[in-house]
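# Structure at a glance
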Amino acid sequence: MLDSGRTTEDWIAADRRVLWHPFTQMQAWCDPALDPPVIVGGEGAMLTCSRGHSYFDGNSSIWTNIHGHCHPAIVAAICDQARRLDHASFLGGTNPAAIALAEHLVRLFPDGTLTRVFYSDDGSTAVEVALKMAIQARQLLGEPHRNRFLAFDQAYHGDTAGAASVGGIQTFFGRFEGMHFPVGRVASVDELPDQADDVTAVIVEPLIQGAAGMRLWPDGTLRRLRDWCDARGVYLILDEVMTGFGRTGKMFACEHEGVVPDFIALAKGLSGGTLPLAATLTTESIYSAFLGDVSEGKTFYYGHSYCGNPIACAAALANLKLFESEDTLASLQPKITHLRGLLAKLEAHPRVAATRQCGLIAGIDIVAADGTPHPAAALEGARVCRQAMRFGLLTRPVLDTIVLMPPLCATPTQLDAAVEALRLALD
Ligand SMILES: *Cc1c(COP(=O)(O)O)cnc(C)c1O
């Protein structure tokens, strides 16, 4: 067990001595006026800190949590699996949890479409796998000239070098440009070129770009993109790392426009927000292109140590079964409507310029009380989120867009309280 005798001050001091946090200016992190919460517990949509405060998990612990924290069914699945087998290599071996999860995942898509599951660890690696599979498939299918990708401005697909190649946010990726896969970028489907003979695949976050500030695509974008790809023999890669597993109101965002991609990248909510796990699914025809005698060199030489980890797969399987036993998707619709009402009311606040919603995902653009935008350097979004913590809401902004993306288990009362906390923070 952790040394629970240590004080909160001691934990924070130790953190500042030895840690380096993601996406974080560590000089600001070490400002003694801005102590971070030390999270020590979670139950349902709530998190508790070492000082005994409880917070509504307003961004599902960075878009990962689905049925609530420490859900008994997922905890039981993890414990049960951990007692039996912790990990065994997926190279040269297999395990029941990974097999059963893959069977379940394949069943979530229309029959005979996405039939092959490749495991990795995170959203970035799920995207990386799709990109590399796409390139290699072209080589194997005699189209080596199809060696570049198309991606969208403001896209976010992860931080490993391959996934970052197709990202479109300068702050994150600009520094490493020139060390990336070849990529063309467009702002919208209207800008897609007519000729695409050298394009292997287009990658997109369907319905909504998360890290861009919860930016919604116009209706029909995904359908148009699929048609554009089909007319030119270009693969469609959907990054459903954020949108997957009910977040948009359907199991997957692509269902809203009846689109099936050639590759789909899944992570974040796959394990219900408990353990790192990712899956890239693709079609039987792409899979078949890689078949041959070992000497033909068609093998997909890619993998990670924890590929198919049984504990993570058991957690994911329990997560998916909860969608059935708790009828999660059906219970979601009234919550989505409820959130829509709350956002409409919040728009009357002088400091709210606009709100956007896709299922249980919301972005709230904040401005000064006189309606003018805050200078980016003021980091006002972060300041509002710090204030919201005082009223029991934990979330993070994307610049001056406050993100509300509650776990799917959140109750209407909890949603009321979260939006009220945000209102008080803005006041
Ligand atoms: C978070 C995210 C990723 C990256 O996932 P990691 O698990 O952080 O590597 C990729 N794509 C989208 C759309 C995401 O939201």
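Anything mentioned here points back to the structure above.
By convention here, each chain's residues receive numbers from 1 onward along its written sequence. Restriction of local features to residues with pLDDT of at least 70 applies here, the model being predicted, together with a cutoff of 80 or more for giving and counting side-chain atom pairs; totals for whole chains, interfaces and linings are based on all residues. Only hydrogens and water are set aside when side-chain values are computed; all heavy atoms of the structure are taken into account.

### Side note on the site of the ligand
- Any residue with at least one heavy atom within 4 Å of a molecule or strand is counted as near it. Every residue near the ligand is listed here: Trp-63, Asp-122, Gly-123, Ser-124, Tyr-156, His-157, Gly-158, Glu-205, Asp-239, Val-241, Met-242 and Lys-268.
- Here a polar contact is taken to be a pair of N or O atoms separated by no more than 3.5 Å, where protein atoms must pair a possible hydrogen donor with a possible acceptor and residues adjacent in sequence count only if both atoms sit in side chains. In this structure, Gly-123 approaches the ligand through a main-chain N or O atom, which is 2.8 Å from an oxygen atom.
- Asp-239 has a polar side-chain atom sitting 2.6 Å from a nitrogen atom of the ligand.
- Surface exposure here means Shrake-Rupley accessible area, sampled with a 1.4 Å probe, where a residue is shielded only by the protein chains that are shown. Across the complex, the protein chains shield 84% of the 380 Å² of accessible surface that the ligand would expose by itself.
- Note on residue classes: Ala, Val, Leu, Ile, Met, Phe, Trp, Tyr, Cys and Pro are nonpolar, Asp, Glu, Lys and Arg are charged, and everything else, Gly too, is polar. Split by residue class, the shell around the ligand holds four nonpolar, four polar and four charged.

### Some remarks on the state of the cysteines
- Pairs of cysteine sulfur atoms within 2.5 Å are what we label disulfides. Per the stated rule, a full pass over the model turns up zero disulfides.
- For Cys-79, which is in no disulfide, the shortest distance to another cysteine sulfur is to Cys-70 and amounts to 10 Å.
- No disulfide involves Cys-307; its sulfur sits 8.9 Å from the nearest other cysteine sulfur, which is in Cys-313.

### What to know about the layout of surface pockets
- Its boundaries defined by the atoms lining it, the second largest pocket holds a volume of some 780 Å³.
- Lining the second largest pocket are 24 residues, and of these Val-117, Phe-118, Met-133, Tyr-287 and Phe-300 lie nearest its centre.
- Think of it this way: any DSSP run of H or I at least four residues long counts as a helix, any run of E at least two long counts as a strand, and we number them from the N terminus. Sorting the residues of the lining of the second largest pocket by element identifies helix H5 (96-107), strand E4 (114-120), strand E12 (278-283) and helix H10 (284-289) as the ones contributing at least two each.
- It is E4 that provides the largest number of residues to the lining of the second largest pocket, a total of five residues.
- Of the residues in the lining of the second largest pocket, the class split is 15 nonpolar, eight polar and one charged. Every definition here rests on a 1 Å grid over the protein atoms only: cavities are sets of points where a 1.4 Å probe fits but cannot get out, pockets are open sets enclosed by protein on both sides within 12 Å along at least five of seven lines, and lining residues have some atom within 4 Å of a point. Grid points are joined across faces, edges and corners, and a volume is the space filled by probe spheres set on the points.

### A short note on the pattern of salt bridges
- By convention in these notes, a salt bridge is any Lys or Arg side-chain nitrogen within 4 Å of a carboxyl oxygen on Asp or Glu. Under the criterion given, the structure shown has 20 salt bridges.
- By sharing partners, the salt bridges in this structure join Glu-9, Arg-16, Asp-35 and Arg-51 into a single network.

### Some remarks on the side chain of Ser-165
- Here Ser-165 lies in helix H7 (residues 161-165).
- At a separation of 2.8 Å, a polar atom in the side chain of Ser-165 contacts the main-chain carbonyl oxygen of Ala-161.
- Beyond its immediate stretch of four places on either side in the chain, Ser-165 contacts His-180, Phe-181, Val-183 and Arg-185. A contact between two residues is defined here by any heavy atoms of the two lying within 4.5 Å.

### Quick word on the packing of H5 against helix H11 (residues 310-325)
- Packing of H5 against H11 leaves a shortest axis separation of 8 Å and a crossing angle of 35 degrees. H11 is crossed by H5, and the crossing has left-handed handedness. The residues of H11 that touch H5, namely those facing Ala-97, Ala-98, Ala-100, Leu-101, His-104 and Leu-105, are Pro-310, Cys-313, Ala-314, Ala-316, Leu-317, Leu-320 and Glu-324.
- When its residues are assigned to classes, the contact of H5 with H11 shows 11 nonpolar, one polar and one charged. A fitted line through C-alpha atoms serves as each axis, taken over the contacting stretch for helices, and the angle formed by two N-to-C directions is quoted from 0 to 180°. It is the rotation of the near helix from the far one that decides the hand of a crossing: anticlockwise by less than a right angle makes it left-handed, clockwise makes it right-handed.

### With respect to the packing of helix H12 (residues 328-346) against helix H14 (residues 412-426)
- Relative to each other, H12 and H14 sit at 20 degrees, their axes nearing to 10 Å. Between H12 and H14, the angle is such that the two are roughly parallel. Our pair here, H12 against H14, has a crossing hand that is right-handed. In contact with Lys-335, His-338, Leu-342, Lys-345 and Leu-346 of H12, H14 contributes Pro-412, Leu-415, Asp-416, Val-419, Leu-422 and Arg-423.
- Taken together, the residues that form the contact of H12 with H14 break down as six nonpolar, one polar and four charged. Our angle categories are set so that under 35 degrees counts as roughly parallel, over 145 as roughly antiparallel, 65 to 115 as roughly perpendicular, and the remainder as oblique.

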